[in-house]
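# Examination of the molecular architecture
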Amino acid sequence: MKCRKCGEKAAFNMPHHKLALCREHYLEWLPEQTERTIHKYQMFTRRERILAAVSGGKDSLSLWDILWRLGYSVDGLYIGLGIDGGIQYSDESRRMCEIFAGERGLKLHVVDIPQTYGRNIAQLADATLRGAKKPCAVCGLTKRHVMNRIAREAGYDVLVTGHNLDDEAATLLSNTMNWIPGYLVRQGPVLEAGRPGLVRKAKPLCRFYERETAAYALLRGIEYIYDECPYAEGTKSIYFKEILNKMEADKPGTKLNFYISYLTAKNNGLFSSQADPELEMLHNCPTCGQATTAPGECTFCRLISKSSSNLENERC
Ligand code: AMP
Ligand code: FES
Ligand code: ZN
Ligand code: ZN
């Protein structure tokens, strides 16, 4: 197969776009498409300060690389969750982020959860019923809280994450299966801050398949962690991803069509009568100041108080 732009041997083929490209042209194409997505959804401008949440994986490191190459002002944030899983998962992920930032002379903020809150993710999850089976819910809550906190404290205009099309389609399928209107209204490439205490969030890679971001990282020579989080096995999101992969194999373009059609329908007013319930009920947490729907303290602050009171009891 030949590159559509130069006729040289193609390095990567995208059947859903009927497009094959050589290494050089693929490394040009993906950032160009990312730039189009940033403009299309009015995510941010070159005058704004961007914070990229990086996990050490292919998506978020590719995103950081692309934004940096496109000339955006972008720093990184790595959150150390204290996950080992026999593969030193968190230490390795952190190392990948540090190597990446070091090679490019970029600034990386690091927040270590065990050091900051006295417990790792599994221990925090144990302190609450939310972690009864898996720590993923507590982990998600913690990451969202810390991302928002650092973005606010350090004065960033927008927080970006490396969510790709496979992630977004799986989330959409999950939200649709349960018809969760609040989530369906909020899901999208960009989420405006909406009120003081919250920062704007954007997902510039949301239109790329996972294999496209993986190909970018490989062809660009980015070193990233191949392992998935050891707690990810058997989660609902992996289950939905597997189902969507089967549909995609039968009909290339299925995931892209599912996600883009949803965005178009939303844009045409499908959920316009549905107010965002979260924004309506938000107030600021008296402890950390972040916007929350929970009465009184936010869910994260309650989690931390609960886990520290458990710690006190253990010490007695
Ligand atoms: P996940 O929820 O693990 O699928 O990750 C989705 C996105 O969240 C990634 O692409 C990153 O942008 C961000 N992220 C995940 N884990 C971390 C972490 N430990 N530190 C900073 N950002 C993260
Ligand atoms: Fe948080 Fe796996 S990354 S539980
Ligand atoms: Zn070419
Ligand atoms: Zn709080």
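Residues numbered from 1 in each chain as written. Chains lettered and ligands numbered in written order. Predicted model: local features only at pLDDT ≥ 70, side-chain atom pairs only at ≥ 80, totals over all residues. Heavy atoms only, no water.

### Some details on the coordination of the zinc ion (ligand 3)
For the zinc ion (ligand 3), the protein coordination sphere consists of Cys3 (SG), Cys6 (SG), Cys22 (SG) and His25 (ND1), at 2.1 to 2.3 Å. Coordination at the zinc ion (ligand 3) is tetrahedral: its 4 donor atoms span angles of 98 to 115° at the metal. When the donors of the zinc ion (ligand 3) are listed by position in the chain, the intervening gaps give C-x2-C-x15-C-x2-H. Residue class for cysteine 3 comes out buried when judged on its relative accessible area of 3%. (Donors = N, O, S within 2.8 Å, 3.2 Å for Na, K, Ca; no water. Tetrahedral: all angles 85-135°; square planar, octahedral: opposite > 155°, others 65-115°. Buried < 20%, exposed > 50% of the residue type's maximum accessible area, 1.4 Å probe, protein only.)

### With respect to the sheet that holds strand β4 (residues 73–80)
Within a sheet, adjacent strands bond to each other through the backbone by hydrogen bonds, running parallel or antiparallel. Taken in spatial order, the 6 strands of this open sheet run β5-β4-β3-β6-β8-β7, and their pairing is mixed. Whereas interior strands pair on both sides, the edge strands pair on one side only; in this sheet they are β5 (108–112) and β7 (190–191). Bridge count for strand β3 (residues 49–53) against β4 is 5 bridges, and the pairing is parallel. In the strand pairing of β4, isoleucine 50 is matched with valine 74. (Pairing = 2+ DSSP bridges. Helix = DSSP H or I, 4+ residues; strand = E, 2+ residues; numbered from the N terminus.)

### Some thoughts on the pattern of salt bridges
One pass over the structure, following the stated rule, counts 16 salt bridges. The partner of arginine 94 in a salt bridge is glutamate 98, and the shortest N-O contact between them spans 2.9 Å. Pair noted here: arginine 94 and glutamate 98 are both in helix α3 (residues 89–104), with a separation of 4 residues, about one helical turn. For glutamate 98, a relative accessible area of 35% corresponds to the partly exposed category. Aspartate 166 is the partner of lysine 255 in a salt bridge, and the nearest nitrogen-oxygen pair spans 2.7 Å. On the criterion of sequence distance, the pair formed by lysine 255 in helix α11 (residues 254–267) and aspartate 166 in helix α7 (residues 165–177) is long-range, its members being 89 residues apart. Look at aspartate 166 and you get buried, because its relative accessible area is 8%. Connected through salt bridges with shared partners, the residues Asp65, Arg69, Glu103, Arg104 and Arg220 form a single ionic network. (Salt bridge = Lys/Arg side-chain N within 4 Å of Asp/Glu carboxyl O.)

### Here's the deal with the environment of glutamate 192
With respect to the element layout, glutamate 192 can be found in the loop between β7 and β8 (200–202). Expressed as a C-alpha distance, the spacing of glutamate 192 and asparagine 148, which sit 44 residues apart in the sequence, is 13 Å.

### What to know about the environment of lysine 40
Along the chain, the position of lysine 40 falls in helix α1 (residues 23–40). Put simply, lysine 40 and cysteine 285 are 245 residues apart on the chain and 34 Å apart in space, counted from C-alpha to C-alpha.

### Re helix α2 (residues 58–69)
Between the first and last C-alpha of α2 there are 16 Å, a value that for 12 residues agrees with the 16 Å anticipated at 1.5 Å per step. Within α2, 10 of the 12 residues are buried, which leaves the element mostly enclosed by the surrounding structure. One or two positions beyond α2, positive phi appears at glycine 71, with a value near 90°. (Expected span 1.5 Å × (residues − 1).)

### Examining the site of ligand 1
In the region of ligand 1, 13 residues are neighbours, and Ala53, Val54, Ile79, Thr161 and Gly162 sit closest. Here a nitrogen atom of ligand 1 and a backbone polar atom of isoleucine 79 are 2.8 Å apart. Here a nitrogen atom of ligand 1 sits 3.5 Å away from a polar atom, N or O, in the side chain of lysine 143. Within the complex, the protein chains bury 76% of what would otherwise be the 480 Å² of accessible surface of ligand 1. Of all the secondary structure elements, the ones that give two or more residues to the shell around ligand 1 are β4 and α6 (136–153). With 3 residues, β4 is the largest single contributor of residues to the shell around ligand 1. The class makeup of the residues in the shell around ligand 1 is 7 nonpolar, 5 polar and 1 charged. (Near = heavy atom within 4 Å. Polar contact = N/O pair within 3.5 Å; in protein donor to acceptor, adjacent residues only side chain to side chain. Areas by Shrake-Rupley, 256 points an atom, 1.4 Å probe, with all protein chains shown as cover. Nonpolar A, V, L, I, M, F, W, Y, C, P; charged D, E, K, R; others polar.)

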